[in-house]
Amino acid sequence: MSRMTKEELKQRVCDAIIDAQPRLREIAESIMDEPELGYKEVKTSKKVRDMFDELGIPYTSDHALTGVKGRLKGSDSKYTVAMIGELDAILCPRHPRADDLTGAAHCCGHNIQIANMFAVAIGLQSVMDQLAGDVVIFAVPAEEMVEVDYRNKLREQGKIKYLGGKQQLIYEGAFDDIDMAMQMHVETAKTPAGEMGLGSTSNGFVAKLIEYHGKVAHAAAAPHEGINALNAALMGVMGVHAIRETFKESDYFRFHPIINQGGTLVNCVPDYVQVESYVRASNVQAIVDGNQRVNRALKAGGDAVGATCVIHDLPGYLPMRDNPDMNNLLRANSESLFGAEQVRQRVHMTASTDMGDVSHLMPVIHPWVGCIEGVLHSAEYNITVPDVAYIKTAQALAMTIVDLLYDEAQVAEEILENFEAPLTKETYIELLDSIASGK
């Protein structure tokens, strides 16, 4: 191919993404039809591998159990940009397209991510000889931090070290050959036309399994002989509520427990109760300090009734930090597609994503694209602006990769020179382990 201008490359990429829409929406719907939870994405991983084969993109598999990693080679391999899509679904049994047996549903939009991932791959395939870097197309597992007890068992069995998919991939070295990364998420559309929301920052968290051990007795005939673990759990949670006002608002503290197991029989004093929760905050120090205070309150609930409280703190996700230089590129490309009024800078997000972990090692962008109705993770979730979900977002991300790798990858080089990674892979692993141990 003769040398093309950057704008000509971008036009070719955008046209290819439009042409591929029938196939891209087919794979998105296929994944939607068979949702799978994290570290269990066997069918979804197979669909991704089949698509790589169809496109003739070489790949490796079994990263963090189910991840699949393809690579498009440029004219030179100066730098590598990753386009990431997530394989897993969320638990939402009430969603109309939830799996009847597992309750899993793609009301998280991860099937749209996979379609965008392949859209970027298809768009860039025919122009890679014009780019001075490689593009990794990476389908990754287990972003949604659900089934913590199940994942902890995988950890105890030595199958994984960390509960989150990208955490595990970092640990395994799957990001060692990547210099910068991007992915997208969907969110509720603010306007009928949809919009591009440039990522900002987010909370991180520690995942928690909290056990209360009491003593069983007949609940009616001899409650005085028992120790009620459920009462201990309720008092522990109320203890956390009692100290909520002491957390700084600027730290965006969150604690939101559920009871996984609350007893066995109604006529037995509950002798074992399991609570699952996160402790979230906007920065690492606030997570560590808040977690210690939460643990103190939870243990007090056990002390109040004579039960034993055992807390398992597990590595959660680090706060997200979108790279401003990459965001500026995405903004310019998005404005040409969405219109300037439909591109906005998002504020801090109190939810979390394991892309935050990646953002501590390399420049990352994580836009949130308004293209659905209903609340994310809810039974009302439904795509309302499909052209934004499947076309415009992929085009904006693919054009941003062109910006990064065109002209001897000078823009990528400048961004990397200006980026100071808060952590190395080694210090990242040390930090996660120290957070989980409470040190």
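Structure: above.
Residues numbered from 1 in each chain as written. Predicted model: local features only at pLDDT ≥ 70, side-chain atom pairs only at ≥ 80, totals over all residues. Heavy atoms only, no water.

K.L.:
A description of the overall build of the protein should follow, citing residues and the corresponding values.
P.N.:
Tallying secondary structure elements over the protein gives 12 helices and 18 strands in all. The globule rule puts the C-alpha radius of gyration for 439 residues at 22 Å, and the 23 Å found for the protein is close to it. Referenced to the eigenvectors of the C-alpha coordinate spread, the extents of the protein come out at roughly 85 × 45 × 40 Å. Scored against the burial criterion, the 439 residues of the protein give a buried share of 58%. Summarising the internal contacts of the protein: among those between residues at least 6 apart in sequence, 80% fall at separations of at least 24. Counting every atom, the protein has about 17300 Å² of accessible surface; 51% of that belongs to carbon and sulfur. Averaging the locations of the 40 positively and 61 negatively charged side chains of the protein gives two centres separated by 3 Å. (Helix = DSSP H or I, 4+ residues; strand = E, 2+ residues; numbered from the N terminus. Rg over C-alpha atoms; globule rule 2.2 N^0.38 Å. Buried < 20%, exposed > 50% of the residue type's maximum accessible area, 1.4 Å probe, protein only. Contact = heavy atoms within 4.5 Å. Areas by Shrake-Rupley, 256 points an atom, 1.4 Å probe, with all protein chains shown as cover. Lys, Arg positive; Asp, Glu negative; His and termini not counted. Charge placed at Lys NZ, Arg CZ, Asp CG, Glu CD.)

K.L.:
Could you give an account of the nonpolar core, with specific residues and numbers?
P.N.:
Soluble globular proteins tend to bury their nonpolar side chains together. Counting residues in hydrophobic clusters, the biggest one holds 82 residues, and the most contacted among them are V48, F118, L124, L131, M182, L404 and L405. In terms of residue count, helix α11 (residues 386–418) provides more of this core than any other element does, 15 residues in total. Look past the residues within four positions of M182 in its chain and what remains in contact with it is V81, A82, M83, I84, M326, M355, I365, L397, T400, I401 and L404. If you look at the next biggest cluster of nonpolar residues, it comprises 44 residues, including Y39, I170, L314 and L318. (Core = buried A, V, L, I, M, F, W, Y, C linked by side-chain atoms within 4.5 Å.)

K.L.:
Before we move on, can you summarise the packing of helix α9 (residues 324–338) against α11 with the specific residues and values?
P.N.:
Where α9 meets α11, the axes come as close as 8 Å, and the angle between the chain directions of the two elements is 140 degrees. Here α9 lies oblique to α11, going by the angle between them. Like other packed secondary-structure pairs, α9 and α11 cross with a definite hand, here right-handed. Residues that form the contact of α9 with α11 fall into these classes: 12 nonpolar, 7 polar and 3 charged. (Axes fitted to C-alpha atoms, helices over the stretch in contact; angles between N-to-C directions. Parallel < 35°, antiparallel > 145°, perpendicular 65-115°, else oblique. Left-handed = near helix turned anticlockwise from the far one by under 90°. Nonpolar A, V, L, I, M, F, W, Y, C, P; charged D, E, K, R; others polar.)

K.L.:
Any chance you could break down the pairing of strand β3 (residues 79–86) for me, citing the residues and the numbers?
P.N.:
Of all 8 residues making up β3, 8 are buried, and the element is well covered by its neighbours. Where β3 and strand β6 (residues 133–140) come together, 8 bridges link them in parallel fashion. Residue pairing in the sheet places A82 in a bridge with V136 of β6. Judged from the 3 bridges that link them, β3 and strand β7 (residues 180–182) form a sheet pairing that is parallel. Across the sheet, the residue bridging to M83 is M182, located in β7. (Pairing = 2+ DSSP bridges.)

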